[in-house]
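Survey of secondary and tertiary structure
Here is what each chain is made of, one letter per residue.
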Amino acid sequence: MTYQDDIGLMAHLMRRAGFGASRDELEARVAKGYVATVEELLNPEAQPPVDPYELLRYQPSALLPGGQPPMGNVNYMYYMVTTKRPLEEKMALFWHHVLATGNSKVDNYDQLLEQIVLFRHNGMGNYRDLLLKIAKNPTMIFWLDNNQNHGTAVNENWGRELLELFSLGAGNYTEKDVREASRAFTGWTFETKIPRLPYGRFPWKFEYRPEDHDDGAKEFLGHRGHFNGEDIIDIIVQQPACARFICRHLYNFFVADEPQVPAWSLEPPRDPAAIDAMATAFRESNYEIRPVLRLLFKSDFFKNARYRHLKSPAEVVVGTLRLVGGYDLPKPGYGELSMQPSYMGQDLLNPPSVEGWHTGSEWINSGSLMARINFVADQLGNQSLPGVRAIIDRLKAKTILEPDELVGECLDLLGPVEVGADTRRELIDQARQWGRLSWDSGPNAQIAAKRATEMMQLIAATREYQFA
Amino acid sequence: MPLTTVSNGRTYDWSYAIGRAAATGTGFNYPQTMCLGNDGDIFVANRGNENNFGMRVNRLKLAAPGEEELLAEFFTWGEGDGHSTWPFGVAVDSHSNVYVSDEWTNTISVFHGNGTFLRKWGKTGSGDGELLRPAGLVCDQHGNVIVVDSGNNRLQVFSGDGKFLAKYGKGGTGDGEFNQPWGITLDTAGNIYVADWKNHRVQKLSPKGEFLMKIGEYGTVPAPADAFAVTYLGPHISSTLPEEFPKAGLLNHPTDVAVDSDGDIYIADWGNHRISIFDSEGRPLTNLLGDAQVMSKWGQQSIDANPDMMKALRRVRNLEPQWRFCFPTAVDFNPKTDEIIVADSQRNRLQIYRKVRDYVDFQANL
Amino acid sequence: MPSAQKDPVLVVLQLTGGNDYLNTVIPYNNPLYQDNRKAVGIPEGQILAFDDEYGFPPYLAPLKKVWDEGKLAIMHGVGYLASPRSHFRSMDIWHTCEADKVGTEGWLGRVIREFDPRKENVVTAVSFGPCLFRALSVPGVPVACVAGALETYGFLPNIQEPTQRQQMLERFARMYAPIEGSGVMEYLGTTGLDSLKGADILKVAPSLYSSTVQYPNTSIASKLRGIAQVHLAGLGTRIFYCDHGSFDSHAGQNPLHASLWTAVSEGLDAFMTDLRQHDAADNVIVLMFSEFGRRVRDNGSGTDHGAAGATFVLGDRVKGGHYGEYPSLKPEHLVQGDLNPSMDFRGIYSTILDKWLKINPALIVNGTYEQSAFLH
């Protein structure tokens, strides 16, 4: 493999396991090696966490932001943009996609942020433990009405989604299983919280009410007993369908776009062998997520999946902000920045439904495409940003750039981005309009820098750039 | 938890709370600092949020419980003279001119006490007289203003019209060095106390800026197993609070300091959600945790207008989280009334205690 | 000047944040009004009475004019059962017509799909705002979203030199040439070209537009001006959407409410005058709603989240007047301190769908609701 291949592969890893990386970071990581980088990503504890006190000093309202945007989004965006633990943050986003809970009903960004913290801390750990934690998470309990699930009057919302969307997938259980699972979770609720007026938000606290729990005998997925919720989760994770379902989610998120979840019971995975390998690792490790991710990132199916994943709006926005730099301080304007994913169709902390977001090509419509292209172009066109300066400085080091060199260098430094022959021809034709760029004098350097940012904007507008 | 704290020969009695969450008018929006005026009034600098509301300095009349009044609001969000982006510090001189800092535009603005804009100065940078994220500030007895120049990790002294006079300190962890300092206060002798935020300590400097003393080191006590976290950063309310929770003398990102007429020192131990009290030598005395068991006047108006809030309140099993400080940012001592005033930032209220000098204990067999 | 087409057009103006019903349509003769509004009540001397019972605050003077012309319908006590008092949830209910579950399709998105099932006109709906309002959102249904000024709407607005820009956009068109059978690349190609086409079509509108009407210098007025420009250009747009806010007046309500409504009512005044001067007003109605009303009793500075509110429909073809009943302010009739909704918002939608847009309402609002007679 050439050095350029190493950079390309590292860039691929960082786009998927994180939110991309600057060229400086990629070079440092290549020097460290691919396997060592995968291990570093899988063991985030070695890197410092985001400093929440720094955020609170400058944006105190990001702690308990209540029901109105954008302060909750500011909090989440600040973590994604500044984290030194990219995979930890990416896994939090993954679980936010899968165990989707939304502000539209919860009306408490603080509670949703608390859930993100839960995902951040447990996202690479044991899946069974995570399911149990989310079953006891008051935000989820409210979102799926388990506080209305009583021993004498069963509400099946949580029980159904637990099986359909959070663990097994449609077709792997019966209506009776839904009923019995729901019965097992009766009495799992929360304490009355201190109301938000007049001093702001207070959290919910999980509460188990034995007197509201149906302790009768239940029959669930072939097992019989006086099951409580925890027993149900233990039975769920043992199902072969569970490992396949979670691994298919991981594949869709990290490797290549799958059809939307409702189609999974009808359409086989695009790479059944990959799912099988991951599912085996999952079961053998007793439902640990980390070994599955290790297998995934080291696999050929991952390494060969470059640009087979359409970037989610969060990936577009966070990736761009990390590339262009200058957003370490939670500065004024973060509010508008943190709402950008919602303008592109991904309202973070407020997915459209419990099904989460539809991914892949469903991110794209005529409005969202314009929003994503213009956002990236806007940032890349801003020469005052340190990351943009760093790219220009690298171009400048070449002293003179012929049109095809300008295109080649810009594509390289923005990815490397791989484009089709037709796209490359258009880019080069544009560069030819400008002629050779030179940094030999002040005025020429100014023009050259401007043209370089325009070329980057045109690249950001390509179809190929929409993929990661 | 008691409303009256008796410890080391001192008695602190919780008096009342003022405020509620409000973007404008009768309430607060994330106070960063505050300052007593000359006429029983107080100025509070509110940070606001990214919807660009809430930013302002409000001036309140303090009297007996329930007699608080909003007197003026100024330095609201906006561009141009008299407006702010990120309000931070507020200080009042003996002529009742009000000095405020904006840590985004790196300027100091001066207002008349009634809120009329007078002048401003400030330029971004690290040279003499230049500012980077100016935080707390204080007026000395000569009419000068000492500014916590937090991004440059130093103090700068300006004349009242903005002329650079002196600077003290630099970045670091040694004596007289700072790491993102926040609030500042003076004692009656003119000694300077600075909340050295990211060094988790308070430093005392002479009026000429020489290092004299430091108080505190970094520390938090792990949340007990049965803790109920008000936010994931605390405060952690627990039925099994250890006596020393959090242990005295340990500070977590202190934001402000006040000195009373006896020389006792009050530190806003922001990240530990308490006011830590030390004697003049820096020995720990006790902690105040927040005791707002009685609703503030304006808070009660909100409850009265929203019957479902009252219903919920009456069903809550444990109201303790509502009494406690949540990231208190500022503390002041009023020598005329012996009141300790605490800006309870995340709860958008002030909690007021009184230092009781003539406290007579009651019969123990009541 | 091309003549505006005469298909019926709906303009939605969303009053985001929860507009205070009681201080917008003031029951000034009801003693309970002043009793409950000690801090934010509008003094009787300032109220613009329009009959014996109700009046507007002074800053709604331009809307009073529309009322006097008989072209303003006021729908009273609008809401739905079990109002959640959350901005998001309430707005979602208004947008999706789903009061009991989380809906995924916007009601106007469905309307657009009915109007243009084959997506022949990418500007059937134009939204003025940074995001796609959920009301317009149905997967696969194109909506043009104008975030800034109409004049700069399009791809790569940063590249401003005209020839440079022209070249870049031509390249964009070539780079997005759909490659048949290429799956997602083909879809991206079609979408990119649709979007480019929408921008090309819309950017013509300002250049065709000329008017003597001066719009006030407010964000809502410039959105309404953009709507007028697109409407007058005759591009076949049937649905326009814009919003103004935030009406979330928890604190310091009176100056806030005054400045918001001044902007809205003056903007609407300019908009209606503009359309009339161009003889393009008679096929336009404006629906103005907010996600909820506010508490009956003020909190000493503002008002908190409530339930029933007022909804307005105005236009030359609107039959002005009161519709429905103002809910009782008596303590025993309040629900958790709120006005009890007496009219379902889906009935208003149904009337507009049935009598104006000529679409079967049941398809859009998921049910049959009682209509009001506010359209001629």
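About the thresholds
- Residues numbered from 1 in each chain as written.
- Chains lettered and ligands numbered in written order.
- Predicted model: local features only at pLDDT ≥ 70, side-chain atom pairs only at ≥ 80, totals over all residues.
- Helix = DSSP H or I, 4+ residues; strand = E, 2+ residues; numbered from the N terminus.
- Rg over C-alpha atoms; globule rule 2.2 N^0.38 Å.
- Buried ≥ 20, exposed ≤ 12 C-beta atoms within 10 Å, placed from the backbone.
- Contact = placed C-beta atoms within 7 Å.
- Domains from an automatic or database assignment.
- Nonpolar A, V, L, I, M, F, W, Y, C, P; charged D, E, K, R; others polar.
- Arc of directions from axis to C-beta.
- Pairing = 2+ DSSP bridges.
- Axes fitted to C-alpha atoms, helices over the stretch in contact; angles between N-to-C directions.
- Parallel < 35°, antiparallel > 145°, perpendicular 65-115°, else oblique.
- Left-handed = near helix turned anticlockwise from the far one by under 90°.

This part is about the overall build of chain B. Secondary structure assignment for chain B yields 3 helices and 31 strands. The C-alpha atoms of chain B give 20 Å as radius of gyration, which agrees with the globular expectation for 366 residues (21 Å, within 12%). Burial statistics for chain B: of 366 residues in total, 51% are counted as buried. Nonlocal contacts in chain B, meaning residues at least 24 apart in sequence, comprise 48% of its contacts between residues at least 6 apart.

Attention now goes to the overall build of chain A. The helix and strand tally for chain A stands at 25 helices and 6 strands. For 468 residues, the compact-globule formula gives about 23 Å, and the C-alpha radius of gyration of chain A, at 24 Å, lands near that figure. Taken over the C-alpha atoms alone, chain A extends approximately 85 × 55 × 40 Å along its principal axes. In chain A, which comprises 468 residues, the proportion classed as buried is 58%. Across chain A, every contact between residues at least 6 apart in sequence was considered, and the portion connecting residues at least 24 apart equals 73%.

Okay, the domain arrangement of chain A next. Under the domain assignment, chain A is made up of domain 1 (1-42), domain 2 (126-303) and domain 3 (386-466). If you average the C-alpha positions of domain 2 of chain A and of domain 3 of chain A, the two centres end up 48 Å apart.

On the side of chain C, 12 residues touch chain B, which itself brings 14 residues to the contact. If you list the elements that add at least two residues to the side of chain B that touches chain C, you get helix H1 (297-305) and helix H2 (307-315) of chain B. When residues of the side of chain B that touches chain C are assigned to their parent elements, the largest contribution, 5 residues, is made by H1(B). In terms of residue class, the side of chain B that touches chain C is made up of 5 nonpolar, 7 polar and 2 charged.

The residue Ile159(C) is located in the loop between strand E7 (144-146) and helix H5 (162-175) in this model. Spatially, the C-alpha atoms of Ile159(C) and Gly293(C) are 44 Å apart, while their sequence positions differ by 134 residues. Apart from residues no more than four positions distant in its own chain, Ile159(C) is found in contact with Glu454(A), Gln457(A), Gln164(C), Arg165(C) and Met168(C).

Here we take up the interface of chain C and chain A. Opposite the 39 residues of chain C that make contact, chain A presents 37 residues. When contributions to the side of chain C that touches chain A are tallied by element, the ones reaching two or more residues are helix H3 (87-96), E7, H5 and helix H6 (184-208) of chain C. Among the elements that make up the side of chain C that touches chain A, the one with the highest residue count is H6(C) (10 residues). Taken together, the residues that form the side of chain C that touches chain A break down as 23 nonpolar, 10 polar and 6 charged.

It is worth spelling out helix H2 (residues 61-68) of chain C at this point. Those residues of H2(C) not exposed but buried are Leu63(C), Val66(C) and Trp67(C). In an axial view of H2(C), the angular spread of the buried residues amounts to 105°, which keeps them on one side of the axis.

This part takes up the sheet that holds strand E10 (residues 117-121) of chain B. Residues and elements named next belong to chain B. The strand order across the open sheet built from 4 strands is E7-E8-E9-E10, with neighbouring strands paired in antiparallel fashion. In the strand order of this sheet, the two ends are held by strand E7 (87-92) and E10, each with one partner. Across the sheet, the mean angle separating the axes of adjacent strands is 20° when strand polarity is ignored. With 4 bridges joining them, E7 and strand E8 (residues 98-102) adopt antiparallel strand pairing. For Val90, the partnering residue across the bridge sits in E8 and is Val100.

Next up on the list: the packing of helix H6 (residues 86-98) of chain A against helix H8 (residues 109-122) of chain A. Residue and element names in this part refer to chain A. It is the contact of H6 with H8, at a shortest axis distance of 8 Å, that shows an interaxial angle of 125°. Here H6 lies oblique to H8, going by the angle between them. Taken as a pair, H6 and H8 cross one another with a handedness that is right-handed. Here Glu88, Glu89, Met91, Ala92, Trp95 and His96 of H6 come into contact with H8, specifically with Ile116, Phe119 and Arg120. Each residue belonging to the contact of H6 with H8 can be placed in one class, and the counts come to 5 nonpolar, 1 polar and 3 charged.

Bringing the pairing of strand E14 (residues 164-168) of chain B into the picture now. Residues and elements named next belong to chain B. Pairing geometry for strand E13 (residues 154-158) and E14, over 4 bridges, is antiparallel. Directly across from Leu155, in E14, lies its bridge partner Tyr168. A loop of 5 residues connects E13 with E14, the two strands running antiparallel in sequence, and Gly162 in this loop sits at a positive phi of about 95°.

A word on unusual backbone geometry. Excluding glycine, residues mostly have negative phi values, and the peptide bonds linking residues are mostly trans. With omega at 10°, the peptide bond leading from Pro69(A) into Pro70(A) counts as cis. Tracing the backbone shows Pro70(A) in the loop between helix H4 (52-58) and helix H5 (71-82). Each neighbour pair has its own omega, and for Gly245(C) with Ser246(C) the value is 5°, a cis peptide bond. Along the polypeptide, Ser246(C) turns up in the loop between strand E8 (239-245) and helix H8 (253-277). Unlike most non-glycine residues, Asn52(B) shows phi in positive territory, near 60°. Structurally, Asn52(B) is set in the loop between strand E4 (41-46) and strand E5 (56-61). The partly exposed category is assigned to Asn52(B), around which 14 C-beta atoms lie within 10 Å.

Here the focus is the pairing of strand E6 (residues 125-128) of chain C. Residue and element names in this part refer to chain C. Because side chains alternate across E6, one face comprises the buried residues Ala125 and Ser127, and the other comprises Val126 and Phe128, equally buried. Summarising the sheet, E6 and E8 pair through 4 bridges and their orientation is parallel. Pairing of Phe128 across the sheet is with Cys242, part of E8. Summarising the sheet, E6 and E7 pair through 3 bridges and their orientation is parallel. Across the sheet, residue Ser127 finds its bridge partner in E7, namely Cys145.

Within the secondary structure, Tyr187(C) is located in helix H6. Overall, the presence of 17 C-beta atoms within 10 Å leaves Tyr187(C) in the partly exposed class. In this structure the C-alpha to C-alpha distance between Tyr187(C) and Tyr176(C), which are 11 residues apart in sequence, comes to 9.6 Å. Setting aside its immediate chain neighbours within four residues, Tyr187(C) contacts Ser361(A) and Ile364(A).

This part is about helix H11 (residues 157-164) of chain A. Along an α-helix, residues three or four positions apart point the same way, because every turn accommodates 3.6 residues. Residue and element names in this part refer to chain A. For H11, the tally of buried residues reaches 7 of 8 residues, placing the bulk of the element in the interior. Along H11, the residues that are buried comprise Trp158, Gly159, Arg160, Glu161, Leu162, Leu163 and Glu164. The secondary structure elements touched by the buried residues of H11 are helix H12 (175-184).

Residues and elements named next belong to chain B. Judged by pairing direction, the sheet is antiparallel, and its 5 strands sit side by side in the order E1-E2-E31-E30-E29 without closing on themselves. Both outer strands of the open sheet, strand E1 (4-7) and strand E29 (328-334), are each paired with one neighbouring strand and no more. Sheet twist, expressed as the mean angle between neighbouring strand axes with direction ignored, is 25°. Where strand E30 (residues 339-344) and strand E31 (residues 349-355) come together, 6 bridges link them in antiparallel fashion. Counted as the bridge partner of Val342 is Gln351 from E31.

Turning to the environment of Lys311(A), a few remarks are in order. All names here are of chain A. Within the element layout of this structure, Lys311 appears in the loop between helix H17 (300-303) and helix H18 (313-324). By C-beta crowding, Lys311 is classed as buried, having 24 other C-beta atoms within 10 Å. Linking Lys311 and Asp257, residues 54 residues apart in sequence, is a C-alpha distance of 9.8 Å. If near-sequence neighbours (up to four positions away) are discounted, Lys311 is found in contact with Val316, Gln466, Phe467 and Ala468.

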